[in-house]
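# Analysis of the macromolecular model
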Amino acid sequence: MLSTVPMGGSRLLLMLLTMIVGFVVLIPSSNRGFCIAKMETLISREFFPMNDDLAWIVQVSDLHISEYHHDRAGDLDRLLAPALRVIQPSLVIISGDLTDAKNKEGTSTSQNEFEWIQYRKSMDIVMKKAGISEKIVFDIRGNHDKYGVPCAGHKLDFFSVFSTSARMNRTGAIQSISLEGKEWAYMFLGIDDSMAVGLRGPSNVFGHPSDKLLQALDSELCYWDAIPSKLTRKVVFGHFPLSFTTSSPTTKIRYDDVLSKRSVSAYLCGHLHAMSNSKLWRQHGAKGVSDSEINKRTQFWEWELGDWKGNRLMRILAIDRGDVSFVDINLRRQLKDDDFLTTVLITYPVDSRSMSRKQDERSVRNDVNALVFSRILISNVTARVYDSLKGYMIVEEIALQRASESRSSHPLFTAKWLAESYKSPLPDRYFIQVSTVDGEGRETKTEMRPFSVEGRCAPLPISWAAYFLLHVSWEVLYAFLLWSNVVFLTALLLLPKLLKHFRGIRKPRQPWALSLSLSSSSIWGNLWSRLCWFLIEGSRNGFLWPCMGLYVLYLLSFSWFRVKAASEQGDFGKMSPFGWMIESSGCQVERDKVGVPDVMNISLPFMYFVVAPLFLLIYALFAERSLFYMKKPSEGKHESDALRVTSRKRWGRRGILLSCFVLAYSYIKIFFFLGRAYGFREIALSPAVCWGPPILLATAIYLS
């Protein structure tokens, strides 16, 4: 017989109160894994001179120097060094993930000293061959550089030993660099917001700025506003996109608020490896801007740079009297080793699709400027202006000359034009293209790009992938997805009991359920009644239903497993959907609720691809049993005997069992994913991950 336990009102109320109280006390704390130890020096500040209020820098990101992929380090010498030798930038920025910190299969993470030594040697070779000083090279941590590092300064913190910033004694979390010109000062601020407790992957994906770091960033940006002698431009660089950074633990302030308030022009980052799109850009607006501040600079750009690891990408960013422009280059296109193809960057007029200046900020400039980087002498530089309203007809050709006050090797080419002629209410009416011819007769052309001399911004097409990656706050999304799953499971458990209680159903298969099951027109005609029947019949088993409820409470109340979370040398941690609890560490860092929302890489796949399908399949097994028995009554036979006799004809059950195999495959993939990352023994000892799902599923199959 089907096991049925009558449920009175008092018993139902007791169960409801138990589960509700369990959920209430489990609401996650807002605490994050942030450093509570006082830093001796939070900001490293340096100054460099520049000529003519024009500066250009080079950015590379996500090098992922690996013991198992030597070409990544080798190409720094083969491709990056020749490029830097020609470009001779004011600064070189390496925005995180200097080393890979993964095993050969890429399944487990830990710091590898060999990779750091290789990185140090490669950068020494690059700087020597390029003829640049290590003073202008600034590298910062990425999440891979913090894998398995319990805290900064730990013996596993190889960044503090082998990075260029460490050799230059830049120990602060903020690197403040100022390029000083005649009328302008360009400020570059590098931020290290990697996790204070460097969890091992896959639970280390987000940037975690502390309250202290955000206060220091705001103070440093404000400091430059207080200097009236020069005009300023501010560019901030970090590893993580802003969508992959959390709000501050106490004040809940985000980078967006600080950067827009302090008139930052752009935020440069990496991390996403040009995922799905090489143009992951976003223009940020300001929140809470009053009417009196509406005319101030309240918008800034976020420009993600693709990775060196797989794409060998490099960015040249220039600031020409306050106007910011850039070009991304794939160094794989070099024809031969130790070579650099001619590259042109138009510094004015800037691309109206990525403009970082306001229309009313300055008067119109009557010059056309381009930086031409080439190892071969350039013989001709020409700018062409096109009118899109006239079929992209050329309306003007302008010959650019090397700047008169520049040396023959200086890359700046300039010319005068009548900018008033190109005023238009349309930001993408006029396009500009610059072409060059070198001494060997080879021609190089830039892409045609729109411009607006009045500072109007042209719309930038955004793909769904770019919107999903940059415009969605993943911190908020994780909380929404987690609690949506919890609410779904809770409703799945409680709704059938509420329906039974308020409908007064005490015995299995009331006449309404029987007629509903036998009448196909009723089933398909009334989806709500069909759903109610499915829920009630699926939850009838008086043994398995409480076990399912207890399993959900266990997932939310207790840790899922205990592993070496902060390093492979014994820094254990317990993981739950609300973060990690680090058990042992010699570092003065917060150890409770660490790694939120980084744990989403573990908790969400398990909750959505294992737990939720598991509960639905359990309900389906018992609902199919009930439906089959009602359609195939066997006179004089016990229900279980009848089912056993006709089990070979239960096609619905076969379909459900096939779905169980799909669930088992998903479960095994997650088990092996976690086992390779943290150790199979530790995951095998986990009641939540290893024991719960197979026991519940096997029991449901046996009892149904």
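Structure: above.
Below you will find a few notes about this structure.

For the protein, the helix and strand inventory stands at 19 helices and 23 strands. When burial is assessed residue by residue, the protein has 57% of its 704 residues classed as buried. Across the protein, every contact between residues at least 6 apart in sequence was considered, and the portion connecting residues at least 24 apart equals 75%. Summed over all atoms, the accessible surface of the protein reaches about 29900 Å², with 58% contributed by carbon and sulfur.

Right, let's get into the sheet that holds strand 21 (residues 561-564). Paired through their backbone hydrogen bonds, the strands of a sheet run either parallel or antiparallel. Reading across the sheet, the three strands line up as 21-22-23 and stay open at both edges, with antiparallel pairing between neighbours. The sheet terminates laterally at strand 21 and strand 23 (579-582), the two strands that pair on one side only. Averaged over all adjacent pairs, the angle separating strand axes in this sheet is 30°, with direction ignored.

This part is about the pattern of salt bridges. One pass over the structure, following the stated rule, counts 37 salt bridges. Between aspartate 77 and lysine 129 there is a salt bridge; the shortest N-O distance is 2.8 Å. A residue pair is termed long-range when its members are at least 10 positions apart, and aspartate 77 in helix 2 (residues 70-87) and lysine 129 in helix 3 (residues 113-130) qualify at 52 residues. The exposure class assigned to aspartate 77 is partly exposed, which follows from its relative accessible area of 27%. For the salt bridge of arginine 365 with aspartate 323, the shortest nitrogen-to-oxygen distance reads 2.9 Å. With arginine 365 in the loop between strand 13 (343-348) and strand 14 (367-373) and aspartate 323 in strand 12 (residues 323-330), this residue pair connects regions lying 42 residues apart in the sequence. Each member of the pair, arginine 365 as well as aspartate 323, is classed as buried. Residues participating in the shared-partner salt-bridge network are Asp320, Arg321, Asp323, Arg365 and Asp367.

So, on to the nonpolar core. Ranked by internal contacts, the top residues of the largest apolar core, which has 73 residues, are Trp560, Phe561, Trp580, Phe606, Phe615 and Tyr678. Residue assignment for this core shows that the elements contributing at least two residues are helix 9 (464-471), helix 10 (474-503), helix 14 (544-557), strand 21, strand 23, helix 15 (600-631), helix 17 (651-678) and helix 19 (687-703). At 16 residues, helix 15 tops the list of elements feeding residues into this core. Those residues within four positions of phenylalanine 561 in sequence are excluded, and the remaining contacts are Gly573, Lys574, Met575, Trp580, Ile602, Leu674, Tyr678, Glu682, Ile683, Ser686 and Val689. Counting residues in hydrophobic clusters, the runner-up holds 66 residues, among them Val58, Leu76, Ile132 and Ile329.

Time to look at the sheet that holds strand 1 (residues 43-49). On the basis of which strands lie adjacent, the open sheet formed by seven strands has the order 1-5-6-7-8-10-9 and mixed pairing. In this open sheet, the two edge strands, each paired with only one partner strand, are strand 1 and strand 9 (281-284). Strand-to-strand twist in this sheet, taken as the mean axis angle between neighbours without regard to direction, amounts to 20°. With four bridges joining them, strand 8 (residues 266-269) and strand 10 (residues 300-304) adopt parallel strand pairing. Bridge pairing in strand 10 places leucine 268 opposite tryptophan 303.

Take helix 17 next. Compared with an ideal rise of 1.5 Å per residue, which puts 28 residues at 40 Å, helix 17 spans 41 Å between its outermost C-alpha atoms and is within 8% of the ideal. At the C-terminal side of helix 17, glycine 679 shows a positive phi close to 110°.

Evaluated as defined, the whole model comprises 30 aromatic pairs. Note on tyrosine 554 and phenylalanine 558: the rings are 5.1 Å apart at their centroids and 35° apart in plane angle, and the pair reads as tilted. For tyrosine 554, a relative accessible area of 26% corresponds to the partly exposed category. Seen in terms of ring centroids, tryptophan 580 and tyrosine 678 are 5.7 Å apart; in terms of plane orientation they differ by 55°. Their pairing is tilted. Of the two residues, tryptophan 580 is situated in strand 23 and tyrosine 678 in helix 17; the sequence distance between them amounts to 98 residues. Taken individually, tryptophan 580 and tyrosine 678 each receive the classification buried, so the pair is uniform in this respect. Members of the aromatic cluster, connected to one another through ring pairs, are Phe206, Phe244, Phe468 and Trp474. One Lys or Arg, arginine 45, reaches over the ring of tyrosine 223 and ends 4.4 Å from the middle of that ring. The side chain of arginine 170 reaches across the aromatic face of phenylalanine 138, ending 3.7 Å from its centre.

Next up on the list: the side chain of arginine 429. Inspection of the secondary structure puts arginine 429 in the loop between strand 17 (412-416) and strand 18 (430-438). A polar contact of 2.9 Å, which involves the side chain of arginine 429, links it to the side chain of aspartate 387. Beyond its immediate stretch of four places on either side in the chain, arginine 429 contacts Tyr386, Asp387, Ser388, Leu389 and Ser424.

Between helix 14 and helix 19, the shortest axis-to-axis distance is 11 Å and the interhelical angle comes to 165°. In terms of axis orientation, helix 14 runs roughly antiparallel to helix 19. Note on packing geometry: the crossing formed by helix 14 with helix 19 is left-handed. Together, Leu544, Cys547, Tyr551, Tyr554 and Leu555 of helix 14 and Pro687, Ala688, Gly692, Pro693, Leu696, Thr699 and Ala700 of helix 19 make up the contact between the two elements. The residue makeup of the contact of helix 14 with helix 19, split by class, is 10 nonpolar, two polar and no charged.

A few words now on the pairing of strand 1. Of the two faces of strand 1, the one holding Ser44, Glu46 and Phe48 is buried and the one holding Ile43, Arg45, Phe47 and Pro49 is not buried anywhere. Where strand 1 lies against strand 5 (residues 174-180), seven bridges are found, and the strand directions are parallel. Looking across to strand 5, one finds that serine 44 is bridged to glutamine 175.

The next point concerns the environment of phenylalanine 468. With respect to the helices and strands, phenylalanine 468 occurs in helix 9. When the C-alpha atoms of phenylalanine 468 and serine 243 are compared, they prove to be 9.4 Å apart, with 225 residues separating the residues in sequence. Once residues lying within four places of it in the same chain are set aside, the contact partners of phenylalanine 468 are Trp474 and Leu477.

Criteria and thresholds
Residues numbered from 1 in each chain as written. Predicted model: local features only at pLDDT ≥ 70, side-chain atom pairs only at ≥ 80, totals over all residues. Heavy atoms only, no water. Helix = DSSP H or I, 4+ residues; strand = E, 2+ residues; numbered from the N terminus. Buried < 20%, exposed > 50% of the residue type's maximum accessible area, 1.4 Å probe, protein only. Contact = heavy atoms within 4.5 Å. Areas by Shrake-Rupley, 256 points an atom, 1.4 Å probe, with all protein chains shown as cover. Pairing = 2+ DSSP bridges. Axes fitted to C-alpha atoms, helices over the stretch in contact; angles between N-to-C directions. Salt bridge = Lys/Arg side-chain N within 4 Å of Asp/Glu carboxyl O. Core = buried A, V, L, I, M, F, W, Y, C linked by side-chain atoms within 4.5 Å. Expected span 1.5 Å × (residues − 1). Phe/Tyr/Trp six-rings, centres within 6.5 Å; stacked < 30°, edge-to-face > 60°. Lys NZ or Arg CZ within 6 Å of the ring centre and 35° of its normal. Polar contact = N/O pair within 3.5 Å; in protein donor to acceptor, adjacent residues only side chain to side chain. Parallel < 35°, antiparallel > 145°, perpendicular 65-115°, else oblique. Left-handed = near helix turned anticlockwise from the far one by under 90°. Nonpolar A, V, L, I, M, F, W, Y, C, P; charged D, E, K, R; others polar.

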